[in-house]
Amino acid sequence: MEEEELEFVEDLDAILHLSPEVQLAIEHVFPSQDPLDRPDFNAVEYINTLFPTEQSLANIDEVVNKIRLKIRRLDDNIRTVVRGQTNVGQDGRQALEEAQKAIQQLFGKIKDIKDKAEKSEQMVKEITRDIKQLDHAKRHLTTSITTLNHLHMLAGGVDTLEAMTRKRQYGEVANLLQGVVNVLEHFQKYMGIPQIRQLSERVKAAQSELGTQILADFEEAFPSQGSKVAWLDKIDRRYAWIKRQLVDYEEKYGRMFPEEWCMTERIAVEFCHITRTELAKLMRARAREIEVKLLLFAIQRTTNFEGLLAKRFSGSTLTDKKPETPLEPTNPFLEDESEDNVSEKDEDLDRPKKPKAPENPFHGIISKCFEPHLYVYIESQDKNLGELIDRFVADFRAQGPPKSGTEEGGAVLPSCADLFVYYKKCMVQCSQLSTGEPMIALTTIFQKYLREYAWKILSGNLPKTSSNSGGLTISSLLKEKEGSEVAKFTTEELCLICSILSTAEYCLATTQQCDLKQHPAFGSGSGRCM
């Protein structure tokens, strides 16, 4: 029996020995502080804890009774749990069967729903298939109707276009042609159809015929001989002719073209180019017939016409390089008279400046052809200045020197002012023609005659002295001499000398204002009159 008990105890220990994971799970679910529930329970330690001394053995019966009571309670709990587990198994099997039946019923319902859904989907497909067919039919029908309408418009438009082209109704054709071209763009993918291709070819033929017809009408309306008529004395007729033609064009054809094309300006510019070329040819062929008055007349009328073009047009169609704008003149005669003192100049700075005149984009578009022939004007001024100097000499000899005691005594000679006034007139006139070589040539000529004026009028009329048989010079008058060498002059001679010196000083000051010394045509110091 002892052996059997030992085996039972060993078997029980093996059964009651749980793995650490299971023991940890049990402690987590059923936490307990009782030493009997610990996995490493030791009976000897537990008894020593209950009876630490011999005196404590006196209440051993009481402790044993408590342990037996606790064992009895544990047995009752175990018995209740075992009995409960028996009923639970039966209930679980019953619940499992009921769940299986419910799952079967649910599966049947799901199958029924799936079957109904498949039938509904099939019905929807049939319905949508019919709707899609109707949509395609509607789309094709709409496209067909639209295409037929476009075809009707195209056919009618082509017939009308051909009829208007024959009647030269360009105003109506302009809008109709654009509409026909727009409609024809819808038929690009149908060009394989012979009838559509035939309509497209008719439109192209009408466009070509219109271009040829319009060009012929323009050539008829603007005969080429109109821009090449007459010599310089009839140049007014050229400009009067183009004015009439432009007015007639704007009345008849102005609305046929978009405003941004600037057709009127283009015609005027082309006329200017043709006129400049033809005038250049005529003047080269008849250069010997060009006279100064005729040349100035032609230039004046031409510059007036260029100014008129600048007022009427913006110059936006000038594709070629614009003619060079005239340089700012350095001649004081072309500017406003300068103030005499600094205070007045400061006042001018405070005054609002006058707005600059807008540049003329048409300047030189015709008048540039006159520049190669401006030598006629320069030669004429050379001749006129020579005659003017001779007249000044004759007048001085005829009138004699200024009288003493009069307002003229010691004053600047009137002929000097006349000379510079004439130079101013020439410079202003020349600046309107050109600012290049002709201006330099005119300045050179004036320099030459200014020297002649100095020698013939000023130095040539100084009084003679006994000590200097060659006569006085301005440089000798300006030198200081000792009293014994001072020449004796009469009152009239002194008035003459003062007048000549005043005139020389005036010439020098005015010439320096002209800045002739800085002009590239002259060397250093050439700005002096003497």
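No experiment lies behind these values; they were computed from the predicted model shown.

1. Overview of the overall build of the protein chain
- Along the backbone of the protein chain there are 15 helices and 0 strands.
- Expressed as a percentage of the 530 residues in the protein chain, the buried residues total 27%.
- A total of about 37500 Å² of accessible surface is found on the protein chain, and carbon and sulfur atoms cover 54% of it.

2. Points about the side chain of Thr 165
- Take Thr 165: it is sitting in helix 4 (residues 60-167).
- Taking the relative accessible area as the measure of exposure, Thr 165 reaches 2% and is therefore buried.
- Once residues within four sequence positions are removed from consideration, Thr 165 is found in contact with Val 173, Glu 209, Leu 210 and Gln 213.

3. Topic: the packing of aromatic side chains
- Within this structure, the stated rule accounts for 7 aromatic pairs.
- On the basis of an interplanar angle of 70° and a centroid distance of 5.5 Å, the ring pair of Phe 420 and Phe 446 is categorised as edge-to-face. Placement of Phe 420 in helix 12 (residues 414-433) and of Phe 446 in helix 13 (residues 437-458) is noted, with a sequence separation of 26 residues between them.
- Taking relative accessible area as the criterion, Phe 420 reaches 1% and is therefore assigned buried.
- On the basis of relative accessible area, Phe 446 is assigned to the buried category, the value being 1%.
- When the ring of Phe 420 is compared with that of Tyr 506, the centres are 5.9 Å apart and the planes differ by 90°; the resulting orientation is edge-to-face. A residue pair is termed long-range when its members are at least 10 positions apart, and Phe 420 in helix 12 and Tyr 506 in helix 15 (residues 491-514) qualify at 86 residues.
- Among the residues examined, Tyr 506 registers a relative accessible area of 33% and is labelled partly exposed.
- Among the aromatic side chains, those forming a connected cluster through ring pairs are Tyr 239, Trp 241, Phe 271 and Phe 305.
- Arg 286 extends its terminal NZ or CZ atom over the ring of Trp 231, reaching a point 4.2 Å from the ring centre.

4. Observations concerning the pattern of salt bridges
- Scanning the entire structure with this criterion turns up 14 salt bridges.
- Among the ionic pairs, Arg 391 bridges to Asp 395, the shortest N-O distance being 3.7 Å. Here Arg 391 and its partner Asp 395 are both found in helix 11 (residues 375-399), 4 residues apart, which amounts to about one turn of the helix.
- For Arg 391, a relative accessible area of 44% translates into the label partly exposed.
- Judged by its relative accessible area of 31%, Asp 395 is partly exposed.

5. What about the nonpolar core?
- Counting residues in each nonpolar core, the largest one holds 68 residues, and the members touching the most others are Leu 232, Leu 279, Met 283, Phe 305, Phe 370, Leu 419 and Tyr 453.
- In contact with Met 283, other than residues within four places in its own chain, are Trp 231, Leu 232, Ile 290, Cys 369, Phe 370 and His 373.
- Val 158, Phe 187, Ile 196 and Leu 199 belong to the second-largest nonpolar core, a separate cluster that totals 9 residues.

6. A word on the environment of Ala 454
- Following the sequence through the fold, Ala 454 ends up in helix 13.
- Linking Ala 454 and Ile 500, residues 46 residues apart in sequence, is a C-alpha distance of 9.4 Å.

7. A few points about helix 7 (residues 235-252)
- Over its 18 residues, helix 7 runs 26 Å from end to end, which matches the ideal 26 Å to within 8%, given 1.5 Å per residue.
- Among the residues making up helix 7, those that are buried are Ile 235, Arg 238, Tyr 239, Trp 241, Ile 242, Gln 245, Leu 246 and Tyr 249. Take helix 7 and look down its axis: the buried residues cluster within an arc of 155°, on one side only. When the buried face of helix 7 is taken as reference, the exposed residues oriented beyond 90 degrees from it are Arg 237, Arg 244 and Glu 251.

8. Re the packing of helix 7 against helix 9 (residues 292-312)
- Between helix 7 and helix 9, the shortest axis-to-axis distance is 9 Å and the interhelical angle comes to 20°. Between helix 7 and helix 9, the interaxial angle falls into the category roughly parallel. Of the two possible hands of crossing, helix 7 and helix 9 adopt the one that is left-handed. Between helix 7, through Ile 235, Asp 236, Tyr 239, Ile 242, Lys 243 and Glu 250, and helix 9, the contact on the second element is made entirely by Phe 297, Ala 298, Arg 301, Thr 302, Phe 305, Leu 308 and Arg 312.
- For the contact of helix 7 with helix 9, a count of residues per class yields 7 nonpolar, 1 polar and 5 charged.

9. Some thoughts on the confidence of the model for the protein chain
- Residue-level pLDDT values for the protein chain average 77, and 77% of them are 70 or greater.
- In the model of the protein chain, helix 10 (residues 342-350) stands out as the element of lowest mean pLDDT, 46, in contrast to helix 8 (residues 263-285), which has the highest, 90.
- Every residue in residues 320-357 is under pLDDT 50, and counting partners more than four places away or in other chains gives 32 contacts.
- Counting contacts from residues 516-530, a segment whose pLDDT is below 50, to residues more than four positions away or on other chains yields 32 contacts.

10. Brief notes about the side chain of His 373
- By the secondary structure assignment, His 373 is in the loop between helix 10 and helix 11.
- Discounting residues that sit within four places of it in the chain, His 373 has contacts with Met 283, Arg 284, Ile 290 and Leu 295.

11. A closer look at helix 9
- Along its 21 residues, helix 9 runs 30 Å from first to last C-alpha, staying within 8% of the 30 Å computed at 1.5 Å per residue.
- For helix 9, every residue scored as buried is listed here: Val 292, Leu 294, Leu 295, Leu 296, Ala 298, Ile 299, Thr 302, Phe 305, Glu 306 and Leu 309.

12. A few points about the packing of helix 9 against helix 11
- Remark: helix 9 packs on helix 11, axes separated minimally by 9 Å, with the N-to-C direction vectors making an angle of 130°. The angle between the axes of helix 9 and helix 11 places the two elements in the oblique class. The element helix 9 and its partner helix 11 pack so that their crossing is left-handed. Contacts between helix 9 and helix 11 pair Val 292, Leu 295 and Leu 296 from the former with Val 376, Tyr 377 and Ser 380 from the latter.

What counts and what doesn't
- Residues numbered from 1 in each chain as written.
- Predicted model: local features only at pLDDT ≥ 70, side-chain atom pairs only at ≥ 80, totals over all residues.
- Heavy atoms only, no water.
- Helix = DSSP H or I, 4+ residues; strand = E, 2+ residues; numbered from the N terminus.
- Buried < 20%, exposed > 50% of the residue type's maximum accessible area, 1.4 Å probe, protein only.
- Areas by Shrake-Rupley, 256 points an atom, 1.4 Å probe, with all protein chains shown as cover.
- Contact = heavy atoms within 4.5 Å.
- Phe/Tyr/Trp six-rings, centres within 6.5 Å; stacked < 30°, edge-to-face > 60°.
- Lys NZ or Arg CZ within 6 Å of the ring centre and 35° of its normal.
- Salt bridge = Lys/Arg side-chain N within 4 Å of Asp/Glu carboxyl O.
- Core = buried A, V, L, I, M, F, W, Y, C linked by side-chain atoms within 4.5 Å.
- Expected span 1.5 Å × (residues − 1).
- Arc of directions from axis to C-beta.
- Axes fitted to C-alpha atoms, helices over the stretch in contact; angles between N-to-C directions.
- Parallel < 35°, antiparallel > 145°, perpendicular 65-115°, else oblique.
- Left-handed = near helix turned anticlockwise from the far one by under 90°.
- Nonpolar A, V, L, I, M, F, W, Y, C, P; charged D, E, K, R; others polar.
- pLDDT = per-residue confidence, 0-100.

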